[in-house]
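If you want the building blocks of each chain, they are given just below.
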Number of protein chains: 2
Amino acid sequence: MKTTERKWVYAFEDGDGRNKMLLGGKGANLCEMTRIGLNVPPGFVITTEACLSYLEDSQRRLPEGVMDEVRAHMKALEKKTGKRFGGGDDPLLVSVRSGSAMSMPGMMDTILNLGLNETTLAALIRRTGNERFGYDAWRRFIQLFGKVALGVPDHAFDEQFEAVKARVGVKQDVLLAPDDLRDVGDRFLKVVQQHTGRPFPSDPHEQLEIAIKAVFNSWMGKRAIDYRREFRITPKMANGTAVNVVTMVFGNMGNDSATGVGFTRNPATGENQIYGEYLTNAQGEDVVAGIRTPKPISELATEMPEIYTQIVDLRNRLERHYREVQDFEFTIEKGTLYCLQTRNGKMNAASMVRTSVEMHEEGLLTREDAITRVNPAHLEQMLFPRLDPRHKGQALATGLPASPGAASGQAVFDADRAEALGRQGAKVILVREETKPEDIHGFFASQGILTSRGGKTSHAAVVARGMGKPCVAGAEGIHVDVGARLAFVGDQVIKEGDVITIDGSNGQVFRGEVPTVEADFSPALVKLLAWADSHSRLGVRANADTPDDAARAIRYGAKGIGLCRTERMFNAPDRLPVVVDMIVADTSEQRREALDRLLPIQRADFAGLFKAMAPHPVTIRLLDPPIHEFLPTERQLEDDIARLTELRGAARGMEVLTEAARSDGKLPATLRDLAETRLIDAVIARKEAILRKARALREVNPMLGHRGVRLGITYPEIYTMQIRAVLEAAANCIRAGIDVQPEIMVPQVCTAQELRLVRDYMGAVQKEVEVTYGVAVPCKFGTMIEVVRACMRAENLAEVAEFFSFGTNDLTQATFSFSREDAENKFLPMYNERGILQDNPFEVLDVKGVGRLMALAVDWGRAARPGLKVGICGEHGGHPASIRYCDSIGLDYVSCSAPRVPIARLAAAHAAILGAVATDKAA
Amino acid sequence: MKTTERKWVYAFEDGDGRNKMLLGGKGANLCEMTRIGLNVPPGFVITTEACLSYLEDSQRRLPEGVMDEVRAHMKALEKKTGKRFGGGDDPLLVSVRSGSAMSMPGMMDTILNLGLNETTLAALIRRTGNERFGYDAWRRFIQLFGKVALGVPDHAFDEQFEAVKARVGVKQDVLLAPDDLRDVGDRFLKVVQQHTGRPFPSDPHEQLEIAIKAVFNSWMGKRAIDYRREFRITPKMANGTAVNVVTMVFGNMGNDSATGVGFTRNPATGENQIYGEYLTNAQGEDVVAGIRTPKPISELATEMPEIYTQIVDLRNRLERHYREVQDFEFTIEKGTLYCLQTRNGKMNAASMVRTSVEMHEEGLLTREDAITRVNPAHLEQMLFPRLDPRHKGQALATGLPASPGAASGQAVFDADRAEALGRQGAKVILVREETKPEDIHGFFASQGILTSRGGKTSHAAVVARGMGKPCVAGAEGIHVDVGARLAFVGDQVIKEGDVITIDGSNGQVFRGEVPTVEADFSPALVKLLAWADSHSRLGVRANADTPDDAARAIRYGAKGIGLCRTERMFNAPDRLPVVVDMIVADTSEQRREALDRLLPIQRADFAGLFKAMAPHPVTIRLLDPPIHEFLPTERQLEDDIARLTELRGAARGMEVLTEAARSDGKLPATLRDLAETRLIDAVIARKEAILRKARALREVNPMLGHRGVRLGITYPEIYTMQIRAVLEAAANCIRAGIDVQPEIMVPQVCTAQELRLVRDYMGAVQKEVEVTYGVAVPCKFGTMIEVVRACMRAENLAEVAEFFSFGTNDLTQATFSFSREDAENKFLPMYNERGILQDNPFEVLDVKGVGRLMALAVDWGRAARPGLKVGICGEHGGHPASIRYCDSIGLDYVSCSAPRVPIARLAAAHAAILGAVATDKAA
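Residues numbered from 1 in each chain as written. Chains lettered and ligands numbered in written order. Predicted model: local features only at pLDDT ≥ 70, side-chain atom pairs only at ≥ 80, totals over all residues. Heavy atoms only, no water.

J.: Is there a simple way to explain helix H29 (residues 752–773) of chain A in this structure?
T.: Helical geometry: 3.6 residues make up each α-helical turn, so side chains three or four residues apart lie on a common side. Residues and elements named next belong to chain A. The first and last C-alpha atoms of H29 sit 31 Å apart over 22 residues, in line with the 32 Å expected at 1.5 Å per residue. Of the positions making up H29, those classed as buried are Ala-752, Glu-754, Leu-755, Val-758, Tyr-761, Met-762, Val-765, Gln-766, Val-769 and Tyr-773. One or two positions beyond H29, positive phi appears at Gly-774, with a value near 70°. (Helix = DSSP H or I, 4+ residues; strand = E, 2+ residues; numbered from the N terminus. Expected span 1.5 Å × (residues − 1). Buried < 20%, exposed > 50% of the residue type's maximum accessible area, 1.4 Å probe, protein only.)

Pasting the structure below:
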């Protein structure tokens, strides 16, 4: 292949920091850091184009010219560092790293200390006067190169390393003497010889070429391919990996050397304070591996005051340049600070919110950037329940608070099991000694993660924070036995399936399910959401069924109730028997009698809601579910009757006995009472009546059955009672000077005629109530749009309805012909896995199908009634991408569960700021 | 009210025969007949405007000027007839009839002989010399006027009439002497006096005014209002009734007088031959009432040859003018023929078809008129089953063949009961002595009608023919006892609920259900349908699952199979066990083993279909229903297992016994075999396996569950087997030189990705089959459109699918969120009654909702694939109004059950001829 016209290699000072597709994220970053004057070890990048050309070549040859350029850049490095590659007194060592346009943590391999061989090792030892350092670097290089470039399995090296430690009788690496490490190196060379059938390559240029090819090859490795598939990384997003060749600097050259990682702000709290950890006289991997316990970065101020000043300066430069919290790696080599890497810091939601607000106030971010910087979905972390602080139970164990939030679930000890149970709908907590990238599917399936090893920067902690799932890491008191599916904590045993609760905010682990309370708002969140509100076009309401719900919704910033499900009120224990009476009624008179008893209860419910929500609107949906849902199941009734009949038989027997005994005066009175069968007769009779009704009401497809407005028209007295309760409650409030805005909404509507009939009920009741109470009772009248036909008839419905509210739960079922209950258990996971559907359409609005239908209904509805108010009250109303779509088709408001209101408020602002085109994958 | 500028009254020679809204149908008709020179008795029409003005007046006064005009027209009548109204030697008598723009048979009342009083009666008797005629006319007038104009109940008159007959000792009216009739008249006058508190009005002008007002009032009578509601007659279609005042002519003035009804062609067969009945010396109502048995009109040729010639001339004029078969009434008064009325003849479908064809061939109709004159829905009559001619059972009774077709059902003896049972889904035959307009709801609910009295022009016969329901009339052997809910036939008793069968084509009545055979085609129908085909744009296919179905479809003129439901093949008794094996399989290997056994069976099925249908296309739908539908119900399995377990217990006991007996040699071998429990064990084990599977497959909403392509993707081996069976069958046919056009269709599709997956299965199998069989096997690949989302994604689906076929059964369920099984039993009848839905959307395509969705899908689909072939295979594909709509949105074909294919062919021609606008009420 003739490719001489292309440039394959860029020195850091020459590369364009914005061109990640060419240089990879890490390479571009190194170029950028170099460009802005940070002390980056000199190096260069081999482009992703070289990678692709290499991979296209069937014989896997590097494109012509690549190695020539590499050699020229090595010469340049020698010049810059004054060292020599593969020789001289001061040998030049380099690291070789992969780096593609998208960050793929843990997926690509790195080789350190490349350039060592017997000669340069001797020179290094001479130069540093540190035999231990030399042999340690040597054995590290052999193992990494052996593993990454030559495919020698890790355990082959580990066995030899353990053998030497065993021989010497030590447990920690640092206790090995230089000679022991030399022994390790020698053994490693043999391992390589054994596994590859060839001696370890001693020519540094050959080492370099092999390493470059190995990095390129790793792009097509199984782990990388799997990762790209899992996270749907397309060639447009990242195509090939670059290779970064960087001069080695050493944090393990003595006590004036160190290595560490830092965040420009505290990633756990967002506090504006440098945060990080370092280890003196250590290599970077020692920090990540968690073998030695690192020191907080603040201690550096005492230990190396001048360096600390440089780090603070570094931090300020990074934030000013990147306008984002940075997560950076540094090394101090003999008193010189090098910045090795920087990237945007991964933070939990609370920290994102706080840093957004503070960085705006510091002038680093515009207000729009501050708002859009926070992913609305991540707010869940802050808004979902914490453990009830009044809970005084004894923690079973305590670990590190690695990802905030609390969760309960069955303990499971491996990711496959977590996935299997999770798919069955079980809530599980994944409990591991530590986690690895291959456990990722277990994270997806779990409510939370508990590990017995590792710190806040461990794999488990980082991944859990990224996913917004609670995590307790390094709970050392717990011993996990994966084989036996058990965990031991002191003398206690957690079996698989035992329910445990973890609190990722304080690191505590409890046996059983611990009650939780809702989160409260940080001042930063309150401020950010206020900014969001001022940018939004969409209003945000809450779905709320009780005054408590309503009060909570107000606290979360809802501007009204978009959905009050009146049937939830029917299910309260004091009401259900009355509701059952209403259902088993044989005449409309009996039914009305039961309804008369429900009326004052519902009226009080609504009055409570109106008061809590004043002066915002409250949308009340009339009875929706099929009425048989309020009855026990047929099977349960049959069982009850069988049991009671048996009991009655027993009681009858006892009666005979009692009678006999009574004459003898031997039986106590209580037993005689028990033997009373009349009471049992009555109970049986009622159960039988309910059973008859349940059988009569049985439906083949209850989702598509006799429900919603169909019930309202069959039994006008039910809807009339509900409407009366709404209007009387409103009238009472109005007379008490409370500003109420009731809105009555009819469910399951498919024709304008249905709406007209219900509007007629309302008109009659309204007239009556206004006369009785002596006040005007304004009330809006609208319809749910949850039946497909309602969309098709939107013009006609809009002639009757003053507002539409999309019920996207049912609309999604009808649009897909998927019964949610059946689909989610039977075939939806399979559909997601095979890529037929990217998301669960019951969680993420299917904009292509359901959304298209909604857009038609909005347009047609507004054609008949310009300015028609349109909202959404399905679960999608709280989902950010779905909210974005709702904004784009011109909805007026979204309504969602109270804890999702802040998410919706932020998402609404995103929609307004980022424009109509939803960039989510669902779009 | 000042209305002097209006003209309220038109003489027959002045009225515009086309202006039915003003003159009413009857009035316009009389004007028209007069205009074309028929001998119509002179008369005039009082307009519907007069009616409306009268009804608007709160005091119910006739508008100013009406009576003045009436009097002027009466004067003119006197002049034309030479008679005098209310006096003279030759008194003028008139009839007063209602008549609105829409024909409402039997709903309005008529008064005859108006103008009689004691004076004119005497003059009439003098003039005619016929006392009997005079008193008969008098008593008829008093009763009609009393009932219609004065509200005296009929039975009050009937009682007196019976009393006179009892006194005289006769049973038939004609046996009464003139004096007896005079006695009847006197008694009737007293009845009127008693009931109204006033003497019978003797002033003919007063009589006339009262009669006019009575006719007007009847427009707002309960019967009329009910009728208009029932048949949805809006004010735009008919608003108010006119009053027709016509000179009386008398068919009962002696043996040179007669009265009769005629059809220009035989309404039962369509034969081109005058058809009718007459009674000598009788009034018209005697013919209709069926009291005397009329003579066939052909006898008139002998009895009054000259009149007969006039009648034949009348018939020819009528047909030439109206270009339609006419049903006319005539009276011969002393040798003069008068034509009293004519209207389009009501005919059964066979007659309509025959007359259409013949009238076109005679040059009376264009071909388009001949086609559109026949209501496609009425073809049902010809196409639905007749009694199996090989059935040799003895008829229980025989009546007149009053409306063709055969039907079985439970006997019911009143209309309310028929309606109640019919609503519960029972098939009923309404059995009555005779029927009346108030029985109409019973007709709607019944499969057929049986009466013991009345002829082919009786109410029962006319109404049944109009509805296309079988009717046997005047089965005199049957005595109906409504009170006891019994009918007696000789010594036999039919109880309510006993199943009977009637054959309206030959008048026979059978006990029990008699087997039926399908209709065969008349030559006229074959000709008409051929004409229809030449006018149609839409193709017509049949839904057929077996070679027999396919052969029948060909006979009915289908041009292909639009839907072959492969699951129906699974249900055959020899296959179901294999299907169950497939379902209970735990591994895909076991499943494949069962499928391997099904493959040759399905292959043979398809080969049979292809042969039967060659060279037309055959669309095969892959497995659609949820697989649990092939299993017994859980309850049945539980019962079976309980029963078998008990049996096993018994068998075990018997084994012990057997063992004991065997040693004695006393038990026969068969009993020992029976006692074998191992077989029972195996059966129980299998039932338990099926039960486990049934429970695992249970769904909350099976309609929206794991079915169709969702199954096909979960178990690729099922679809792959079916596809292989199709392609191998096609390959076999191709090698045998048979022209096959297989089309594979995927059900329940909601994403293009599903289609792509199945297309991939097909591609793989196709390649393999073509190699194995050595022939190219062309096969189209398409999708059902029965999920709403499929409509919304039509562009994308059309990229993969070569054709669409709307499954409007499921699409209707999803669009309405109505489960058909639940809706039709629970709330749909109520929705129809309350006018929320005019039709059952599962029978008549809901063009406003489902149709709009279809139109979008067609447009979007063709945007992606111009010329995309689109059909419909839901039940609506055989419904005329729905077919009309399908034509209007550009579908290529409809597919329906074989017996409906001719209906669809005719409807398709109607659509093409009558244009895109569907005029059906569903539109």
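Having seen the structure, we can now continue with the description.
J.: How should I be thinking about the sheet that holds strand E4 (residues 110–114) of chain B in this particular structure?
T.: The pairing of strands in a sheet comes from backbone hydrogen bonds and takes either a parallel or an antiparallel form. All names here are of chain B. As summarised here, the arrangement of the 5 strands in space is E1-E2-E5-E3-E4, forming an open sheet in which the pairing is antiparallel. Strand pairing shows two members of the sheet lacking a second neighbour, strand E1 (9–11) and E4, which therefore form its edges. The average undirected angle you get between the axes of adjacent strands in this sheet is 20°. With 3 bridges connecting them, E1 and strand E2 (residues 43–46) associate as antiparallel partners. Residue pairing across strands places Tyr-10 opposite Val-45, the latter belonging to E2. (Pairing = 2+ DSSP bridges. Axes fitted to C-alpha atoms, helices over the stretch in contact; angles between N-to-C directions.)

J.: Which parts of the structure should I look at to understand the interface of chain A and chain B?
T.: Often the size quoted for an interface is simply the accessible area lost on bringing the parts together. In this assembly, 52 residues from chain A lie in contact with 52 residues from chain B. Where chain A abuts chain B, roughly 4700 Å² becomes buried across the two surfaces, and 56% of that area is made up of carbon and sulfur atoms. In terms of surface lost to chain B, no three residues of chain A exceed A:Leu704, A:Ser817 and A:Arg852, which account for 14% of the buried area on that side. Scanning the region where chain A abuts chain B turns up 6 salt bridges. (Contact = heavy atoms within 4.5 Å. Buried area = accessible area lost by both parts, 1.4 Å probe. Salt bridge = Lys/Arg side-chain N within 4 Å of Asp/Glu carboxyl O.)

J.: Where do I start with the nonpolar core in this structure?
T.: Soluble globular proteins tend to pack their nonpolar side chains together in the buried interior. Among the nonpolar cores identified, the biggest contains 294 residues, and A:Phe806 and B:Phe806 are the most heavily contacted of them. Excluding residues within four positions of it along the chain, A:Phe806 makes contact with A:Ile785, A:Cys791, A:Leu811, A:Met854, A:Ala857, A:Val858, A:Val870, A:Gly871, A:Ile872, A:Cys873, A:Gly874 and A:Leu891. (Core = buried A, V, L, I, M, F, W, Y, C linked by side-chain atoms within 4.5 Å.)

J.: How should the environment of A:Val96 be read in this particular structure?
T.: Residue and element names in this part refer to chain A. In this structure, Val-96 sits in strand E3 (residues 94–100). The sequence separation of Val-96 and Val-245 amounts to 149 residues, and the corresponding C-alpha distance is 4.7 Å. Ignoring sequence-local partners within four residues, the contact set of Val-96 consists of Asp-109, Thr-110, Ile-111, Leu-114, Leu-208, Ala-211, Val-215, Val-243, Asn-244 and Val-245.

J.: Is there a simple way to think about the packing of aromatic side chains in this case?
T.: Residue and element names in this part refer to chain A. Inspection of every chain in the model, using the stated rule, returns 30 aromatic pairs over all chains. Judged by centre distance (5.7 Å) and plane angle (40°), the rings of Tyr-54 and Phe-216 are tilted. Taken as a pair, Tyr-54 in helix H2 (residues 48–56) and Phe-216 in helix H8 (residues 204–218) lie far apart in primary sequence, 162 residues in all. Ring plane angle 70° and centroid distance 4.9 Å describe the contact between Phe-157 and Phe-188, whose orientation is recorded as edge-to-face. Of this pair, Phe-157 sits in helix H6 (residues 154–168) while Phe-188 sits in helix H7 (residues 178–196), and the two are 31 residues apart along the sequence. (Phe/Tyr/Trp six-rings, centres within 6.5 Å; stacked < 30°, edge-to-face > 60°.)

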